[in-house]
Each structure stands twice: as C-alpha cells, then as structure tokens.
Amino acid sequence: MTSRQPALRIAFVMLHTSPLDVPGTKDAGGMNVAVRAQAEALADAGHEVRILTRRADPEVPARVEARANLTVVHLDAGPARLLAKGDHEAVMDDFGRALAAELAEHPADLLHAEHWFSGIAALPVARALGIPIVQSYHSIAAPAASPLGDGERAESPGREAGSSGSPARRICCSP
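What's the story with the side chain of Thr53 in this structure? I'm lost.
Structurally, Thr53 can be placed in strand 2 (residues 48-54). Within polar-contact distance, the side chain of Thr53 engages the backbone oxygen of Met14 at 2.7 Å.

Here is the structure:
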C-alpha cells in the first residue's frame, strides 16, 4: 500500500466451511477456492486479512498464518467437529457471539460474509460495531420442491429469512 492508501483490516466470515480444507473434501468446494483467492489477493496488496470460520476440528490451532497478511481464525461455536450443512443454523447465535468477541479484540474495517449462514451471524455484529458488511450468497436458494440435479440439495428453511435480513443496499451479480 502507498502512504496515500492505508491498508484495510478485512475479515471474511465463513461459518460452515474452512478455507484450509481441500476442495472436494468435507463441505469444501468452489466457495472455498473463490474466498481463498480473494483473501490472498487482498493480503498480497498489503491489506490485513482474516478469514473467520467455525472450529470443526479440536486439533486445529485457533489461529493459522496462511501467508503474509492472511490469518485463518477458528472460532468456537457448537461442537468442534464437522457438521452437516443444514445443522449450522443451530450454531449461528454461538458463532455470532464468538465473532463479536473476536472483532472486539481484533477490530476490522470491513466484513465480507460468505453464504447466508455467515450473513445471519455477522449482520447483527456488524450493526452493533458499526462495521460495513458485504454479503455473498454462493448458493442457488432452491426450495425443497425444486427439480435439483444429482448431488444438489435444497436450502435449509432459514435461507428465506436470512436473505430478507440482508443489508438495505444491494449490488447483485451472477457469474
């Protein structure tokens, strides 16, 4: 960063999957790849980047320095084990409390919530702390009655409420 462009403290919020997981394992897929690439590019540009995720393994350290300016932080919320994607709704409140504690100790200038689970947990924290928030959904939001392809599943029942509680100003784009 130049002296006229101060580095930002950017926190990506990924409640249900870790960017450290290998794509194709656990619940790691395209979102993991996209978020990790964005975070790495921002870190390489000199920003202080953290990816805040739920601890799904008790053996993983609380903080992992992935590269210069990029730290993955594992927050305790629910059991420290892999959960089925639909079971994450039950830990959103705990994750939100852990997120608030992390941000109180290590502030951020901007939050980027990945998937609607993360948005539901992060939005009240962002509002309370006055932090701007960006929301990316990364999913198709298909209702249970939709004709889905092999391997695709309908969204959890909380998705509709999660989408309606998003920030007032939206920029929508689809690849």
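Looking at this model, I keep getting lost on the environment of Leu52. Mind explaining?
Along the chain, Leu52 falls in strand 2. Residue classification places Leu52 among the buried residues on the basis of a relative accessible area of 0%. Once the C-alpha coordinates of Leu52 and Leu111 are considered, the two residues, 59 residues apart in sequence, prove to be 9.9 Å apart. Discounting chain neighbours no more than four positions away, the residues touching Leu52 are Ala11, Phe12, Val13, Met14, Val73, Leu75, Phe95, Leu99, Glu102 and Leu103.

What is the right way to read helix 3 (residues 115-129) from this model?
Counting along an α-helix, one turn takes 3.6 residues, and residues three or four places apart therefore face a common direction. The end-to-end C-alpha distance of helix 3, which contains 15 residues, comes to 21 Å, matching closely the 21 Å that a straight helix rising 1.5 Å per residue would cover. Every buried residue of helix 3 is listed here: His115, Trp116, Phe117, Ser118, Gly119, Ala121, Ala122, Leu123, Val125 and Ala126. Downstream of helix 3 by a residue or two, Gly130 has a phi angle that is positive, lying close to 70 degrees.

So what exactly am I meant to see when it comes to helix 2 (residues 92-105) here?
Under the 1.5 Å per step criterion, the end-to-end length of helix 2 is 20 Å for 14 residues, consistent within 8% with the ideal 20 Å. Met92, Phe95, Gly96, Ala98, Leu99, Glu102 and Leu103 are the residues of helix 2 that are buried. Viewed along the axis of helix 2, the buried residues span an arc of 165 degrees, placing them on a single side of the element. The exposed set on the far side of helix 2, more than 90 degrees from its buried face, consists of Asp93, Arg97, Ala104 and Glu105.

Honestly, the sheet that holds strand 2 in this entry has me stumped. Any pointers?
Hydrogen bonding along the main chain pairs the strands of a sheet, whether they run parallel or antiparallel. With mixed pairing, the six strands of this open sheet are ordered in space as 3-4-2-1-5-6. Pairing within the sheet leaves two strands with one partner each, and these edge strands are strand 3 (63-67) and strand 6 (133-136). If you compare each strand with its neighbour and ignore which way they point, the axes differ by 20 degrees on average. Across six bridges, the pairing between strand 2 and strand 4 (residues 70-75) is parallel. Counterpart to Arg50 in the pairing with strand 4 is Thr71. Along the sheet, helix 2 contacts strand 1 (9-14), strand 2, strand 3, strand 4 and strand 5 (110-114); its crossing angle with strand 2, the most-contacted strand, is approximately 155 degrees. Along the sheet, helix 3 contacts strand 1, strand 5 and strand 6; its crossing angle with strand 5, the most-contacted strand, is approximately 150 degrees.

What should I look at first to understand unusual backbone geometry in this one?
Despite not being glycine, Asn69 has its phi angle at roughly 70 degrees, a positive value. With respect to the helices and strands, the residue Asn69 is situated in the loop between strand 3 and strand 4.

How each quantity is defined
- Residues numbered from 1 in each chain as written.
- Predicted model: local features only at pLDDT ≥ 70, side-chain atom pairs only at ≥ 80, totals over all residues.
- Heavy atoms only, no water.
- Helix = DSSP H or I, 4+ residues; strand = E, 2+ residues; numbered from the N terminus.
- Polar contact = N/O pair within 3.5 Å; in protein donor to acceptor, adjacent residues only side chain to side chain.
- Buried < 20%, exposed > 50% of the residue type's maximum accessible area, 1.4 Å probe, protein only.
- Contact = heavy atoms within 4.5 Å.
- Expected span 1.5 Å × (residues − 1).
- Arc of directions from axis to C-beta.
- Pairing = 2+ DSSP bridges.
- Axes fitted to C-alpha atoms, helices over the stretch in contact; angles between N-to-C directions.

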